[in-house]
Structures are given as C-alpha cells and as structure tokens.
Amino acid sequence: MSVVELADVRKSYKLGDTVVEALRGVSVSIDKGEFLAIAGPSGSGKSTLLNMLGCIDVPSSGRVTIDGADVGGLSDRELTRYRRTKIGFIFQSFNLIPVLDVYENIEFPLLVKSKLTRKEREALVMRFIEEVGLDDRIKNKPNELSGGQRQRVAIARALVTRPLIVLADEPTANLDSGTGIRIVELMRSINESDKTTFIFSTHDAHIMREAKRVINVLDGKVVGYDGAEV
Amino acid sequence: MLVLRLALRTIMRRKGRMVLIGSLVAFGTFLSVFGTAFSSSAGEASRASIIDNFTGDLIVYSARSKELPSPFAFNTPLPNIRNADEVGRFLSASPEVLTWASFAQNYGLVQVERDGRKVDLPFIFYAVEPGPYRKVFPNVDVKDGSFFGIREDGALSPPGTGVTGDGSTGDRARGVMISAFQNGQYLRNYGVQLRVGERVTLLGITEGGANALPSRVTGIFEPKHYKSVFNYINFVDAATYSELYNYTGVTALPEALNAGLAAAQGGEDAIFGLADAGIGELDLGSLRSEALSGFTMIAVKLKDHATVDRFIAAIEATDGLEVKAARWDAASGFYASISKALQAFIWLATGLVFLVVALIFANTLIINVVERTAEIGTMRAIGSDKSFVRNMFLAETLILNLAAALVGMVAAGVVMAALSGGVPLPETISQFLIGGGRLPLRANAWHFVQTLVAVAVVSVLATLYPVRVATSITPLKAMSER
Ligand SMILES: Nc1ncnc2c1ncn2[C@@H]1O[C@H](COP(=O)(O)OP(=O)(O)O)[C@@H](O)[C@H]1O
Ligand SMILES: [Mg+2]
C-alpha cells in the first residue's frame with residue numbers, strides 16, 4: 001500500500017516575466033517501508049519534488065495523496081498538522097535550532113503540540129538519541145557539534161514523532177563523503193529495524209547506491225527507476 | 001514552556017543588540033515614570049500654590065459679573081458683591097468651609113510730601129480684611145512695620161507691636177502695605193521711598209472725581225511666592241478702602257420706599273408716583289449711613305478640596321446671595337494653564353520617546369526576523385503553527401521589555417528617592433509653575449503601573465508588523481541559505 005503518491009504533479013515558479021517549470025507532470029507512488037533515493041543533477045527538480053511530498057509547498061496542478069488522503073486544498077493549519085504528525089524532515093544544512101541543545105532539539109517536535117507526558121517524551125527522545133549514537137552529547141549546543149553529529153541530531157528529531165515518512169533533501173551534501181555514507185547507513189539501518197519509510201534526494205552516486213530504489217529525475221520529469229534490492 | 005525557553009535564549013544569544021534595545025526601553029520607562037510623577041507633582045504643587053496664594057479653593061463673586069474673577073485683572077474690576085453680609089453668613093454656616101476672606105482689586109495714588117514737594121506714586125492694591133486675608137493667604141512676609149497689626153496666623157498683634165506712627169496698635173493699624181520691590185521702583189522712578197509709619201494721602205479715582213484720604217504706611221513686605229506678580233501688588237485695609245471710594249449706603253429706609261423703588265422699574269409714571277408715596281414723609285433723622293465694603297471677591301478655603309464642585313453648586317443655587325463662584329483653576333487665569341501645558345508637554349514628550357523607541361524596537365525585531373528566516377522556516381516545516389511563531393516573538397518582546405521596564409522603574413525610584421527634598425528648578429520657571437522654590441516630588445504606585453501598562457501595550461504594538469513578517473515565512477524558507 002502506498003503511503004504517499006503524486007499524480008501528474010506540476011509546479012511552476014514565476015520569476016519576473018519568465019515561468020520556471022520545476023516539475024512537469026510527475027507521478028510517483030511510494031510504499032511503506034521504502035528506502036528510496038531521488039536522483040538527478042542540480043536543478044532537475046529533486047527538492048521541489050520532496051517539497052510536494054512533504055506538504056512544504058503545494059503543486060500548481062496535480063494531486064498529492066498522503067496516507068490515502070488528498071491534501072489538495074488543505075489550509076495552512078491542516079498542512080502544518082500533516083507535517084507535524086506524518087512527516088519527518090532532514091535538511092541539507094541540518095537546520096537545528098541554535099539556542100537549543102541536542103536533547104531539546106530532538107524534543108522540539110514533541111513539544112510543539114503533542115499531548116505526551118514528560119516521561120513519555122523523555123523515553124522517546126532518549127531512545128532516538130541512543131539510536132543515532134549521541135548519548136554523550138545530550139547537553140551540547142549545535143555549534144559544539146560536527147556536521148555528522150548535527151545530521152544525527154536531525155535524524156533523531158525527524159524520527160521522534162514516529163512519522164509515516166522521513167524526507168531528506170540532500171542530507172549528505174554538506175558532509176565529507178565518509179561521514180555522508182555513515183549517515184545514509186544509519187538511516188538505512190533504522191529503515192530496516194523499524195520499517196520507517198525514507199525518501200532522500202542526492203546527486204552523489206555513492207549515496208545513491210545505498211538506496212533500495214532510485215527515481216531519476218531530469219528537467220522536472222521522472223526519467224526512470226532503477227536499483228531494485230541491493 | 002518551550003516558547004519562553006526559546007525567547008529567553010534567543011535574547012541571551014543576541015545580547016549586544018538586546019542590551020542596546022533594552023537600554024532604550026529602560027530609558028523610556030524612566031522618563032515615563034519620572035515624567036508622570038513630575039508632572040502630577042507639578043500639577044498638585046501648582047494647584048496648592050494657586051489656592052494658597054490667589055484664589056482659595058474657589059472665588060465667590062457677583063452674579064452680575066460678565067467676567068470671570070481674576071486676581072490680576074486690575075483694569076477690569078468686578079461688580080461689588082451686594083449682599084456681602086448674607087454671603088458671609090452663608091459661608092460661616094457652611095460646615096465645608098474652613099476659612100474665607102473678602103477682597104477687591106483697585107488702583108490709586110499714594111501722595112507723599114518730600115521737601116515741600118508733593119509726589120504722586122501710582123499703586124495697585126488688594127483691599128483686604130487683614131485678619132481673614134492673612135489666614136487664607138499666608139503669602140506675606142512682613143519686612144518692616146506690621147500687616148495692619150495682624151500676625152502671621154491672622155490674630156491681632158499684641159498691643160505696642162502694631163506700627164501706626166501715632167502710637168495706636170493692633171486692630172486700629174489702618175493704611176497701606178507697600179511691597180518692598182514696589183518701594184524700590186519708587187526710588188528708581190520717582191526718587192522717593194516710602195517709610196513705615198509715615199503719613200501719606202491716598203487718592204482714589206471715582207466717577208465723581210478723585211477722593212483724598214489721609215492715611216499711613218503700616219508696613220513693607222515681600223511676597224513669599226509668585227514674586228513675579230505679588231511684587232507689584234500692595235495692600236489697603238478694608239475700612240480705609242471703603243472710605244476712600246465712598247462705599248457708603250443708607251440704612252433704615254422705610255419699607256414703602258423700597259417697594260416703591262422696586263415698582264419704579266416698571267416705568268416713568270411709577271417714578272413720579274414715588275415722590276407722593278414715600279419721600280415726602282421720610283424722617284431724615286432716622287436714617288443712618290453705613291460703610292459698604294466694596295468687595296468684589298471672596299476667596300473661600302474648604303476643609304476638603306474634593307467638595308469644591310458641590311459647594312459651588314450649592315452657593316450658586318442659594319436664593320438671595322446673588323453670587324456666582326469660580327473654581328481655583330478658572331479664577332487663576334493662565335497660572336493654572338501653565339501647569340496644564342507643562343503636563344501636556346511632558347505627556348507629549350514621553351509619547352514621542354515611546355514612539356521612537358517603538359520604531360527602533362520594531363526595526364530591530366525585523367532584523368532579527370530576517371536573520372532567523374531559515375530557523376523560523378524550519379520550525380514551520382517540522383510542525384509549528386503560525387501562532388507558535390507569533391507567541392515566540394511576543395514572548396521575546398515582553399521578556400526583554402518588561403525586564404528593561406523594571407530596570408527603568410528601579411532607576412526612576414532611585415532618582416526620585418534622591419530628589420525627595422524636592423526637584424530644583426530654574427527660579428523663573430518655578431515662579432510661574434509653583435510660585436517659586438523646589439518642586440516637592442510625590443510619586444505613587446499609579447505612576448509605575450501606568451508606565452508598565454504603557455510599555456506592555458507599546459511593546460505588543462511594536463511587534464505587530466515584525467510578527468506579521470515572521471508568520472508569513474513559509475516552511476519552504478527552511479531551505480534558504482543562512
Ligand atoms: N522558489 C523558486 N523560485 C523560482 N524558481 C525555483 C524555485 N525553486 C526552484 N526553482 C527552480 O526550479 C528548478 C528545480 O529546482 P530544485 O527543485 O531546487 O532542483 P534540485 O533540488 O534538483 O536542484 C530549478 O530550475 C530552480 O531554479
Ligand atoms: Mg535541491
């Protein structure tokens with residue numbers, strides 16, 4: 001069963017007089033538990049595609065279905081609720097809250113609106129801190145961490161709400177290749193252990209190789225699928 | 001709470017900028033607390049000073065007057081109060097009244113002989129009942145002689161201390177009191193100076209010509225307050241004044257004549273009728289002449305100032321008195337307006353400072369928002385609502401500004417405590433504002449509460465636009481470069 005689906009999604013941006021067509025009719029269906037890479041050169045539309053999947057932006061036309069529900073026409077508030085409850089985000093630049101420490105950054109999505117008790121929150125946060133191997137960094141601020149450590153915090157933060165899908169837009173682009181590989185390996189091991197769906201974009205062939213399935217995009221179109229089971 | 005934690009830490013993270021903004025807010029707060037305390041103290045002191053020096057809580061004057069009473073309008077004298085005795089009885093019988101004094105303003109000439117030459121010295125004066133006047137207005141500092149034999153507390157001087165030249169004392173000390181400043185002016189302009197006890201001739205100008213009355217100088221004084229006006233004002237006792245201006249009337253007229261006079265208002269026939277009816281039968285021997293006061297104003301002091309409006313309504317509504325009454329502020333002319341203008345100015349200045357601080361504050365906040373675009377976008381992307389973003393900025397603003405306001409208020413408290421002996425003012429300003437001297441500063445909790453509310457309201461207003469900018473940041477901005 002697909003957790004998220006795009007049907008003939010188009011997205012164009014107006015830049016002055018010209019119209020940039022970032023997506024030109026993309027249809028994809030992603031199943032629960034997938035570990036999927038979206039590959040393509042810079043400017044091909046990877047980020048735009050992920051933004052559609054993550055309710056960060058809305059398509060100019062076409063349909064986005066998440067967990068069986070059409071999200072077209074939803075209000076900002078409802079889209080925000082989708083992002084909060086169903087989707088986890090990992091960013092290229094890590095995007096941690098600079099004034100919060102590791103523990104607090106991971107706890108953040110749970111504090112925004114969840115009704116969990118302090119104990120329940122703590123259990124979740126500690127579980128994912130351990131899962132990404134940062135138990136000895138709990139009290140550190142983001143600026144006291146290396147890039148790889150920051151991205152681990154981001155991964156824990158994306159997972160802590162137990163989302164349906166985790167979206168990662170070029171999560172390794174700001175890391176050296178060794179660290180990048182380890183980050184993708186971490187994501188993959190989590191995917192295997194608890195069946196969380198991961199969708200990440202990359203233009204790095206080494207990283208692509210870690211994916212169970214790859215969708216290739218070019219000029220705003222899906223140009224092919226490859227990479228069955230590794 | 002997450003929002004508070006974020007706000008607090010964000011403030012700490014941008015310490016330099018926040019301290020700068022905080023100092024501005026603290027300064028504004030200081031200004032507001034001090035300014036409101038100052039202006040309300042000035043208002044209060046001005047009121048007390050005006051009441052104690054010119055007007056009392058109110059001035060009673062003739063109902064026939066078209067002008068408001070003004071203690072400084074010497075060139076437009078008010079009509080006399082006709083029923084002065086009845087008004088006096090009313091005041092004596094009113095439990096709200098603490099004390100009262102009748103007076104009038106006028107001008108005349110003091111004629112003095114020097115080396116066989118007569119010199120006419122112009123002077124303006126208050127005609128007063130010395131005892132009551134002194135009790136109501138403790139503004140006279142006697143330098144030489146006596147205030148018509150009346151002590152500072154309004155009582156008679158012990159025998160022998162009143163100076164009248166002919167050896168009489170106390171209540172019989174009649175004549176003129178000359179301001180020391182005025183006397184100096186005489187020396188400068190006429191080469192003549194008046195001396196206590198010396199014989200003078202007072203010249204009063206009436207419709208029928210000039211009246212002359214032999215009199216004396218009973219004392220030289222300096223005003224304690226409002227020197228800018230009282231330096232020019234002298235005093236004449238009521239009895240002398242009445243004689244000088246022929247304020248005499250006739251008592252014991254037969255009732256029939258009065259009735260006839262009243263009827264005569266009707267027309268000419270009635271007037272001729274009068275001759276037959278009454279006048280011919282008048283027994284001139286039974287008539288007595290009576291000195292009338294010539295008073296135009298009665299300054300009334302109340303036990304409780306708050307009752308002034310009620311008291312005015314009561315006296316104006318009483319039949320037969322034929323008087324109106326003006327509150328102290330209406331009767332003091334521009335003196336009451338000065339402190340009101342000052343208060344308005346302080347309000348305006350404080351408002352302006354608040355406006356400027358609010359603009360600088362809003363501007364800084366917008367810079368913060370722009371700098372934190374990616375951070376806010378990230379929060380939105382991972383599930384924070386717009387309201388979360390708004391609350392975060394509101395919390396930041398309120399934490400910073402209330403802390404700064406606290407600092408400003410403590411500073412204001414310290415400064416005001418240090419000025420508990422009164423605020424020194426330039427003498428010319430002080431003269432007009434409160435009659436001279438230091439301004440006693442009276443702060444109360446209200447000045448602080450008022451400012452705190454203003455800071456809170458202005459803070460929230462100043463965040464409106466920056467918050468709008470912040471909440472319009474889309475989750476897409478999480479991806480923007482920092
Ligand atoms: N906000 C935007 N405004 C205008 N053009 C945009 C915007 N976002 C993306 N684009 C354009 O859309 C195309 C796809 O961009 P993007 O999805 O970021 O590609 P990728 O992530 O693969 O590099 C590019 O040509 C890009 O310039
Ligand atoms: Mg991209």
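Position labels on residues start from 1 in each chain and follow its written sequence. The naming scheme follows written order: chains are lettered A onward, ligands numbered 1 onward. In keeping with the predicted nature of the model, local features appear solely for residues at pLDDT of at least 70, side-chain atom pairs appear and are counted solely at 80 or more, and the whole-chain, interface and lining totals rest on all residues. Here the side-chain values reflect all heavy atoms present in the structure, with hydrogen atoms and water set aside.

Chemist: Explanation requested: the overall build of chain B in the structure shown.
Modeler: The way it works is that DSSP assigns letters per residue, a run of H or I at least four long becomes a helix, a run of E at least two long becomes a strand, and they are numbered from the N terminus. Within chain B one finds 16 helices and 12 strands. For every residue, the accessible area (1.4 Å probe, protein chains only) is compared with the maximum for its type, and the residue is labelled buried under 20%, exposed over 50%, or partly exposed between those bounds. Evaluated residue by residue, chain B yields a buried proportion of 49% over its 482 residues. Any two residues whose heavy atoms approach within 4.5 Å at even a single point are treated as in contact. Counting contacts in chain B only where the partners sit at least 6 residues apart, residues at least 24 apart contribute 75% of the total. Summed over all atoms, the accessible surface of chain B reaches about 22500 Å², with 60% contributed by carbon and sulfur. Residue-level accessible areas treat just the shown protein chains as cover; the underlying method is Shrake-Rupley with a 1.4 Å probe.

Chemist: Quick question: what am I supposed to make of the sheet that holds strand S8 (residues 197-202) of chain A here?
Modeler: Backbone hydrogen bonds hold the strands of a sheet together, and the pairing may be parallel or antiparallel. All names here are of chain A. In this analysis, strands are considered paired if DSSP registers two or more bridges between them. Spatially, 6 strands are ordered S6-S7-S8-S3-S9-S10 in an open sheet, and the strand pairing comes out mixed. Single-partner strands in this sheet number two, and they are strand S6 (87-90) and strand S10 (221-226). In this sheet, adjacent strand axes meet at a mean angle of 20 degrees when their direction is disregarded. Bridge count between S6 and strand S7 (residues 165-169): 4 bridges; the pairing is parallel. Counterpart to Gly88 in the pairing with S7 is Val166. Each axis is a line fitted through C-alpha atoms, and for a helix only the stretch in contact is used; angles between axes span 0 to 180 degrees, taken between their N-to-C directions.

Chemist: Just checking my understanding: could you explain the nonpolar core for this structure?
Modeler: Across soluble globular proteins, nonpolar side chains show a tendency to be buried alongside one another. Counting residues in hydrophobic clusters, the biggest one holds 69 residues, and the most contacted among them are Leu6(A), Leu53(A), Phe108(A), Ile199(A), Leu6(B) and Phe393(B). Top element by residues in this core is helix H14 (residues 386-418) of chain B. It accounts for 8 residues. Apart from residues lying up to four places away in sequence, Phe108(A) is in contact with Ile97(A), Leu100(A), Leu2(B), Leu6(B), Met379(B), Ile382(B), Ser384(B) and Phe388(B). As used in this record, nonpolar core signifies buried Ala, Val, Leu, Ile, Met, Phe, Trp, Tyr and Cys residues forming a set joined through side-chain atoms within 4.5 Å.

Chemist: Even after reading the chapter, I still don't get the interface of chain A and chain B, so can you show me in this structure?
Modeler: Accessible area lost upon the coming together of the parts is a frequently used measure of interface size. Contacts between the two partners involve 27 residues from chain A and, on the opposite side, 23 residues from chain B. Between chain A and chain B, roughly 2400 Å² of surface is buried when both sides are summed, and carbon and sulfur atoms account for 59% of that area. Within this document, salt bridges are pairs made up of a side-chain nitrogen of Lys or Arg and a carboxyl oxygen of Asp or Glu, the two lying within 4 Å of each other. If you look at where chain A meets chain B, you find 5 salt bridges. The salt bridge partner of Arg5(B) is Glu104(A), with a shortest N-O separation of 3.4 Å. Examining the composition of the side of chain A that touches chain B, we find that 7 residues originate from one element, helix H3 (residues 102-113) of chain A, more than from any other. Following the grouping adopted for this structure description, the nonpolar residues are Ala, Val, Leu, Ile, Met, Phe, Trp, Tyr, Cys and Pro, the charged ones are Asp, Glu, Lys and Arg, and the polar ones are all others, Gly among them. Across the side of chain A that touches chain B, the residue classes break down as 12 nonpolar, 3 polar and 12 charged. Accessible-area loss on putting two parts together, using a 1.4 Å probe and summing over both, is the definition of buried area adopted here.

Chemist: Would you explain the sheet that holds strand S4 (residues 61-66) of chain A in this entry?
Modeler: Residue and element names in this part refer to chain A. The strand order across the open sheet formed by 4 strands is S2-S1-S4-S5, and the pairing between neighbours is antiparallel. Each edge of the open sheet carries a strand with a single partner, namely strand S2 (18-31) and strand S5 (69-70). One ladder, built from 11 bridges, connects strand S1 (residues 2-15) with S2; its direction is antiparallel. Following the sheet pairing, Ser2 is matched in S2 by Asp31. Against the sheet, helix H1 (residues 46-53) contacts S1, S2 and S4, and its axis sits at roughly 125 degrees relative to S1.

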